[in-house]
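Close look at the chain arrangement
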Amino acid sequence: MEEQAIKALRFAERRKEVVIVRLPHAKFSPISDRLFPIWPDGKENLLVVCRDDQSFVIYYFGRGDICQALKETFSGFGGGKGFGDPLGNGFSGCRTLDPDEIENVIGFVVGRQ
């Protein structure tokens, strides 16, 4: 998984201020652990698209208000100390079987930056 994370980071993209990483597995921590030191004031702005055995899971780590909106809009999950707070940070995400839905989620997050 570590080697896959390193390779995924080489192909990461940035849209506005969001870093987007795509992984062939469902373990996002090798990505978030490596990127945490680069975030200003420890406030990440990261979207990780993972593939598990049955679906895609999209995780967002960033502004709390965006996390809350993503959870509500895409019937997802979320939380964290800053969840719902535009000045705080939280996490959220959703699961989908439809690969086209990934771009909808990415556009949703990027469009709220």
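**Structural notes on unusual backbone geometry**
Its identity is not glycine, yet Lys 16 carries a phi of approximately 50°, on the positive side. For Lys 16, a relative accessible area of 51% corresponds to the exposed category.

**Observations regarding the nonpolar core**
Formed by 18 residues in total, the largest nonpolar core has its most connected members in Leu 47, Ile 58, Tyr 60, Leu 70, Ile 106 and Val 109. Sorting the residues of this core by element identifies strand 2 (18-22), strand 3 (46-51), strand 4 (56-63), helix 3 (64-73) and helix 4 (99-110) as the ones contributing at least two each. Looking at which element gives the most residues to this core, the answer is helix 4, with six residues. In terms of nonpolar packing, the next biggest core, distinct from the first, is built from 14 residues, Val 21, Ile 31, Trp 39 and Leu 46 among them.

**Some words on the sheet that holds strand 1 (residues 13-15)**
Strands sit in the order 1-2-3-4-6-5 across an open sheet of six strands; the sheet is mixed. Either end of the sheet is taken by a strand with one partner, and the two such strands are strand 1 and strand 5 (77-79). Neighbour-to-neighbour, the strand axes of this sheet turn through a mean angle of 15°, independent of strand direction. With three bridges connecting them, strand 1 and strand 2 associate as antiparallel partners. Each bridged residue has a counterpart across the sheet, and for Arg 14 the counterpart in strand 2 is Val 19. In the packing of helix 4 onto the sheet, the strands contacted are strand 1, strand 2, strand 3, strand 4 and strand 6 (89-96), and the crossing angle to strand 2 comes to about 165°.

Rules used throughout
- Residues numbered from 1 in each chain as written.
- Predicted model: local features only at pLDDT ≥ 70, side-chain atom pairs only at ≥ 80, totals over all residues.
- Heavy atoms only, no water.
- Buried < 20%, exposed > 50% of the residue type's maximum accessible area, 1.4 Å probe, protein only.
- Core = buried A, V, L, I, M, F, W, Y, C linked by side-chain atoms within 4.5 Å.
- Helix = DSSP H or I, 4+ residues; strand = E, 2+ residues; numbered from the N terminus.
- Pairing = 2+ DSSP bridges.
- Axes fitted to C-alpha atoms, helices over the stretch in contact; angles between N-to-C directions.
- Contact = heavy atoms within 4.5 Å.

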